[in-house]
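Examination of the molecular architecture
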Amino acid sequence: MPRPRRSTYRWGVSLDDNELPRTEDEWRVRLTPEEFHVLREAGTERPWTGEYVDTKTQGVYHCRACGLELFSSDTKFDSHCGWPSFDDAIPGRVKEIEDRSLGMARTEIRCARCDSHLGHVFHGEGFTPKDTRHCVNSISVRLEPR
């Protein structure tokens with residue numbers, strides 16, 4: 001019978017990929033500096049630079065930090081804003097938080113499992129029948145093709 005995998009700690013950091021980091025130092029070990037800046041510090045990648053801006057591949061987009069399924073490619077659309085856009089998230093997978101960091105009211109979206117920053121959601125722009133645009137940093141997600 002296989003033995004259960006146990007966490008390994010080095011310098012106070014969990015190295016078990018099945019376990020979510022508990023501290024920002026653990027996230028720094030798990031993520032690249034660019035991923036950490038966007039996912040954990042609510043940064044933004046430059047427009048038109050992300051790997052998924054123009055992607056048409058069918059599949060599911062997962063949180064790059066924890067792997068939670070967030071968006072189906074069926075909800076992705078071309079908003080021409082410079083970041084991947086989705087008109088819907090998988091129910092219960094994305095949480096919305098008021099963001100006044102730039103002196104205006106916006107709605108930040110975060111992963112419901114690990115609380116990592118994904119981007120922002122906008123309503124009332126008229127891009128799709130759902131009238132919603134989840135504007136997501138490519139570096140915040142990873143596409144699992146169908």
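Since the model is a prediction, treat every value here as computed from it, not as a measurement.

**Regarding unusual backbone geometry**
Positioned with a positive phi, alanine 42 is a non-glycine residue whose angle comes to about 60°. Relative to the helices and strands, alanine 42 resides in the loop between helix H2 (33–41) and strand E3 (59–63). In this model, aspartate 131 sits at a positive phi of 55°, which is unusual for a non-glycine residue.

**Some thoughts on the sheet that holds strand E5 (residues 76–77)**
Here we have 6 strands laid out as an open sheet, ordered E5-E6-E10-E9-E8-E7, and antiparallel in their pairing. Each of the sheet's edge strands pairs with one partner strand only, and the pair in question is E5 and strand E7 (94–99). In terms of strand pairing, E5 meets strand E6 (residues 85–86) through 2 bridges, oriented antiparallel. Within E6, the residue paired with phenylalanine 77 across the bridge is serine 85.

**Brief notes about the packing of aromatic side chains**
Inspection of every chain in the model, using the stated rule, returns 4 aromatic pairs. Their ring planes at 70° and their centres at 5.0 Å tell us that tyrosine 61 and phenylalanine 86 sit as a pair that is edge-to-face. Of this pair, tyrosine 61 sits in strand E3 while phenylalanine 86 sits in strand E6, placing them 25 residues apart in sequence. Since its relative accessible area comes to 0%, tyrosine 61 is described here as buried. The class for phenylalanine 86 is buried, based on a relative accessible area of 0%. Aromatic side chains phenylalanine 77 and phenylalanine 127 sit 5.9 Å apart centroid to centroid with 40° between the ring planes, which places their arrangement in the tilted category. Placement of phenylalanine 77 in strand E5 and of phenylalanine 127 in the loop between strand E9 (117–123) and strand E10 (132–136) is noted, with a sequence separation of 50 residues between them. Looking at phenylalanine 127, the relative accessible area reads 41%, which means it is partly exposed. Grouped by ring-pair contacts, the aromatic residues Tyr52, Tyr61, Phe71 and Phe86 constitute a single cluster.

**A word on the confidence of the model for the protein**
Should the pLDDT be low somewhere, the predicted coordinates at that spot are not to be read in detail. For the protein, the average pLDDT comes to 90, and 88% of its residues sit at 70 or higher. Contacts for the low-pLDDT stretch residues 1–12, under 50 throughout, to residues beyond four places or in other chains number 16 contacts.

**Looking at the environment of arginine 106**
Summarising the element assignment, arginine 106 is placed in strand E8 (residues 106–111). Residue contacts for arginine 106: discarding those within four places in its chain leaves Ile97, Glu98, Asp99, Ser101 and His120. At 3.4 Å, the side chain of arginine 106 forms a polar contact with the side chain of histidine 120.

**What about the state of the cysteines?**
If you walk through the whole model with that rule in mind, you get 0 disulfides. Its sulfur unpaired, cysteine 66 is 3.6 Å from the next cysteine sulfur, which belongs to cysteine 111. By relative accessible area, cysteine 66 is classed as buried at 17%.

Thresholds applied
Residues numbered from 1 in each chain as written. Predicted model: local features only at pLDDT ≥ 70, side-chain atom pairs only at ≥ 80, totals over all residues. Heavy atoms only, no water. Helix = DSSP H or I, 4+ residues; strand = E, 2+ residues; numbered from the N terminus. Pairing = 2+ DSSP bridges. Phe/Tyr/Trp six-rings, centres within 6.5 Å; stacked < 30°, edge-to-face > 60°. Buried < 20%, exposed > 50% of the residue type's maximum accessible area, 1.4 Å probe, protein only. pLDDT = per-residue confidence, 0-100. Contact = heavy atoms within 4.5 Å. Polar contact = N/O pair within 3.5 Å; in protein donor to acceptor, adjacent residues only side chain to side chain. Disulfide = S-S within 2.5 Å.

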